[in-house]
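The primary structure of each chain is shown beneath.
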Amino acid sequence: MPSRALTRSTGQQVFFEKLSPQIRAEFLGACDSLYYLRPRAGFDPETGEEIETEESGLIPFRLWPEQRRTAQVMLDQQRRRLPVRVVKVKPRQSGDSSFGEVWQFHQVYWGRQEHGITVAHSDQTTASLHAMTKTLYNELPPELRLPHERKNKQELAFADPYGNSIIAQTAGNIDLGHGLTLRHAHLSELPLWLNPEKALEGLLEAIAVSAGTSIYMEAKAQESGDWFHTFWKNSKLGLTGFTPLFTPWYLVPEYRAPLPDGFEATEEEQEWMAEFAI
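Criteria and cut-off values
- Residues numbered from 1 in each chain as written.
- Predicted model: local features only at pLDDT ≥ 70, side-chain atom pairs only at ≥ 80, totals over all residues.
- Heavy atoms only, no water.
- pLDDT = per-residue confidence, 0-100.
- Contact = heavy atoms within 4.5 Å.
- Pairing = 2+ DSSP bridges.
- Helix = DSSP H or I, 4+ residues; strand = E, 2+ residues; numbered from the N terminus.
- Axes fitted to C-alpha atoms, helices over the stretch in contact; angles between N-to-C directions.
- Core = buried A, V, L, I, M, F, W, Y, C linked by side-chain atoms within 4.5 Å.
- Buried < 20%, exposed > 50% of the residue type's maximum accessible area, 1.4 Å probe, protein only.

Visitor: Sorry if this is basic, but what is going on with the confidence of the model for the protein chain here?
Guide: Where the model shows low pLDDT, its predicted coordinates should not be examined in detail. With 87% of its residues at a pLDDT of 70 or more, the protein chain shows a mean pLDDT of 85. For the stretch residues 1–8, pLDDT sits under 50, and the model shows 16 contacts to residues farther than four places along the chain or on other chains.

And the structure:
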């Protein structure tokens, strides 16, 4: 028996093809609508660790201010017909890994013959990130769900005439990207990769340096002088083709709390507040 996704009517296909160009052109609008739902709890997509919370279920994917800033940079590159290339240094639980999955899903899903890859440092984190991609697909309105050919732990692929796919691989694979034709990549936690330079050789060759492609790197800083630190510094010098972005921890909503009654900042704290605009 064919899957439910493969039994879509001609009317549904016409509806999808009419609406998809408009949705693809409005990434921020898609994030601000009910098109993208994510798990409220269960795991941290950046680490793969379980999260304990009293709440469960799905919630709309609402962009935090720093995620929106990243999106604006990438959308600006897109509007200027440039290849989208961003490298992001982030704090823990900043939502940047989640953003990377949503960005890639949006670029791949609403086009045709678009192919993306998610790569992280461990099998657990790779699986957690890819699970988010599958949730984004599963929770779309039924009339917007493309027929899929494969939906498993490593791949989400859609049937012709669309032919889009997103695969997930772990960075320990030295043949990363070899033999693939890709247009998008979400690369997570590069400082924890065993050999990022070697792993990226084939991957960066698989994605043309042309308009309509995107590569989004995001990671927490680890060691001074490691590959990621060097790449970040070279990006700041304009030597890599990547736009460097940095999110300090105090701009992440989850790290903020109301001040207690009667709080008075010390002189040193006042200096920090002035220097960092907090």
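Visitor: Any chance you could explain the sheet that holds strand β5 (residues 148–151) here in plain terms?
Guide: Each strand in a sheet pairs with another by means of backbone hydrogen bonds, the pair being arranged parallel or else antiparallel. Pairing is mixed across the open sheet formed by eight strands, whose spatial order is β5-β6-β7-β4-β8-β9-β3-β10. Two strands lie at the open edges of the sheet, namely β5 and β10 (243–246), each paired on one side alone. Shown here is a sheet whose adjacent strand axes are inclined to one another by a mean of 15°, direction ignored. The pairing of strand β6 (residues 155–158) with strand β7 (residues 165–170) spans three bridges and is antiparallel. Counted as the bridge partner of A157 is S165 from β7.

Visitor: Would you explain the nonpolar core in this entry?
Guide: Taken as a class, soluble globular proteins show a tendency for nonpolar side chains to be buried jointly. Ranked by internal contacts, the top residues of the largest apolar core, which has 33 residues, are F27, Y36, F99, F105, Y109 and W110. Sorting the residues of this core by element identifies α1 (10–24), α2 (27–32), α3 (65–79), β3 (84–89), α4 (96–109), α5 (123–138) and β6 as the ones contributing at least two each. Apart from residues lying up to four places away in sequence, F99 is in contact with F27, F61, L63, Q67, T70, A71, M74 and Y216. The next biggest cluster of nonpolar side chains, apart from the first, holds 24 residues, and it includes L182, I207, I215 and F228.

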